[in-house]
Each structure stands twice: as structure tokens, then as C-alpha cells.
Amino acid sequence: MEKKTGKHAKKSKKLSTRVISIINQKGGVGKTTTAINLSAVLASMGFKVLLVDLDPQGNTTSGLGVNKRTIEACVYDVLLNDVKASDVLLKDVEENLDLLPATINLAGAEVELVTEFSRESRLKEAIQGFVGAYDYIFIDCPPSLGLLTVNGLVAADSLIIPIQSEFYALEGVTKLLESMKLVKARLNKDLDIFGVLVTMYDGRTTLSKQVAQEVKDYFGDIVFDTIIPRSVKLSEAPSYGEPIIKYHPDGKGAKAYISLAEEVIDRG
């Protein structure tokens, strides 16, 4: 499948839709930043991308310029009210990028899903009809290991784990990997780690360099070569409702996510 997009044109090695959950139960690690910007860069390269906002905070939704107060139905309604995902879909929030939005209503889903039949696979069933229509489906999971995140694990074929280059960066990763192994054993035998991404990197500090090396030592070759720098522009972009390639296209943040997108494509 040839994507014609100028200097970033790439040839996809994928044979079908790749469904990737972006996950870390710790907050503030660059998970949503990665979900928005990786999706936007791949879309700008001509790939068809669906981004699923599974976080009740809805930061992915607002970070793409969507006013959550105007949304009549969101992922919550898909998971619990038998609303079709296609009826909730927001088309072309950016060119080639569609969104399944989240609102604060999703906060109640953790409790309400407990008594529901097939509670762990609601999202997988909901997006099944999109498989084949998109090149990539990314799921931005909440910073927890509750039922919403389990839905993200069951729906995905692989994971991207962002880890910030700060003290205690690897704290909690063991628990995340244990949860992944449980889901893999019982609910999704094909689940694997697509890549681990070092984020919020400050090359001026010894700590960032040490943490990046620790992550590499722990995870080995599945760590992306691309490292996402700490960047004021990356932090500002969501408040303008734009991905970094629109907000500050020539900056180091945009260049990093372009590099990451190229690695994602190369991994197939």
C-alpha cells in the first residue's frame, strides 16, 4: 500500500489494520501526547488512522480541538448503551484521522462495566467493524489498570508503553507487564509489546541519560530508537487543539514524532 505524501512518503509493510493500545498506568508520562501526535503524523503521511479516546479525562479529544461539551455520545455510550461506534465517530478531525471521543461520562464506566456480560471485550467488539477500514487504530488508555484499560488490552494486538525519563520511571512497570501477561493468557493470546518509548527526555541532565539507559537495559531491542524530548511546544499544542506537526512543525517535538512514525511503519 503506497502512501503519497511528499518527503515523508512511506510504503506500508502491514497486511491489515494494526490495533495498538498506548498504555501506562502512571499518569503524566506522555501517553496522550504520543497518542495524538503519532496518530496525526501517520495520518499526514497518508495512512488512514482511527484514534480511540478511552481516558475519562478526554484529553485526547480536547487535544484535537473537539469541544467535549458539544458531544452528544461518546465511547461510554458505545461500551454501555449499545450505541454503534460508527454513530459516535468524528470523521476527519485531521485529514485521514478519525476519532472516537471521550467525555467525563466515561468515568462511570469502570463501575458500571463490572456487572456487564463480556465486560472485558466490549471495546474489541465495538471496533471490530473498523478493522480493514483503517491502517492503524490507536487506543489511548487511562492511567490505571481498571476495566477500561483491560478493554484496551483485549482490543489491541500490541502495545506502545511510554516511559518518562524521570526518577521512578520504571516503578509500576512490573505490575503493568503482569496485567498484560494475564490478559494474554486468558483473553488475548496475540497481545504483545510493539515498542517502549522514552519520553520527556532532557539531554542536559544526567538523570535523563541514566533513565533512558535503564529502560534500554530492561526492555532491550523493543525500545524505540526515537526519544521524545521535553518540549514546551509539545505541552502547549493541546491547548490550541492541534497536533505538534501543525502547531510547531519545524520544532524538535514534531521531528521526534515524525521519526517515531517512521519506526512504527518500519516495524510493520
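Residues numbered from 1 in each chain as written. Predicted model: local features only at pLDDT ≥ 70, side-chain atom pairs only at ≥ 80, totals over all residues. Heavy atoms only, no water.

(A) Just helix α8 (residues 173-186), in detail. A rise of 1.5 Å per residue sets the reference length of α8, with its 14 residues, at 20 Å; its end C-alpha atoms lie 20 Å apart and thus fit the reference within 8%. Buried within α8 we find V173, L176, L177, S179, M180 and V183. Looking straight down α8, one finds that the buried residues subtend no more than 160° of arc, so they occupy a single side. With respect to the buried face of α8, the exposed residues turned more than 90 degrees away are K181, A185 and R186. (Helix = DSSP H or I, 4+ residues; strand = E, 2+ residues; numbered from the N terminus. Expected span 1.5 Å × (residues − 1). Buried < 20%, exposed > 50% of the residue type's maximum accessible area, 1.4 Å probe, protein only. Arc of directions from axis to C-beta.)

(B) Quick look at the pattern of salt bridges. One pass over the structure, following the stated rule, counts 12 salt bridges. A salt bridge links K189 to D190, with the nearest nitrogen and oxygen atoms 3.5 Å apart. The burial state of K189 is the same as that of D190; both residues are exposed. Among the salt bridges present, the one from R267 reaches E263, with a minimum N-O distance of 3.8 Å. In this pair, R267 and E263 both sit in helix α12 (residues 252-267), four residues apart, roughly one turn of the helix. What emerges from the salt-bridge pattern is a single network uniting K31, D55 and D140. (Salt bridge = Lys/Arg side-chain N within 4 Å of Asp/Glu carboxyl O.)

(C) Representation of the pairing of strand β3 (residues 18-22) within the structure. The element β3 is extensively covered by neighbouring structure, given that four of its five residues are classed as buried. Bridge count between β3 and strand β7 (residues 136-140): five bridges; the pairing is parallel. Paired with R18 across the bridge in β7 is Y136. Here β3 runs beside strand β8 (residues 158-164); their pairing, made up of three bridges, is parallel. When the sheet's bridge partners are listed, S21 is paired in β8 with L159. (Pairing = 2+ DSSP bridges.)

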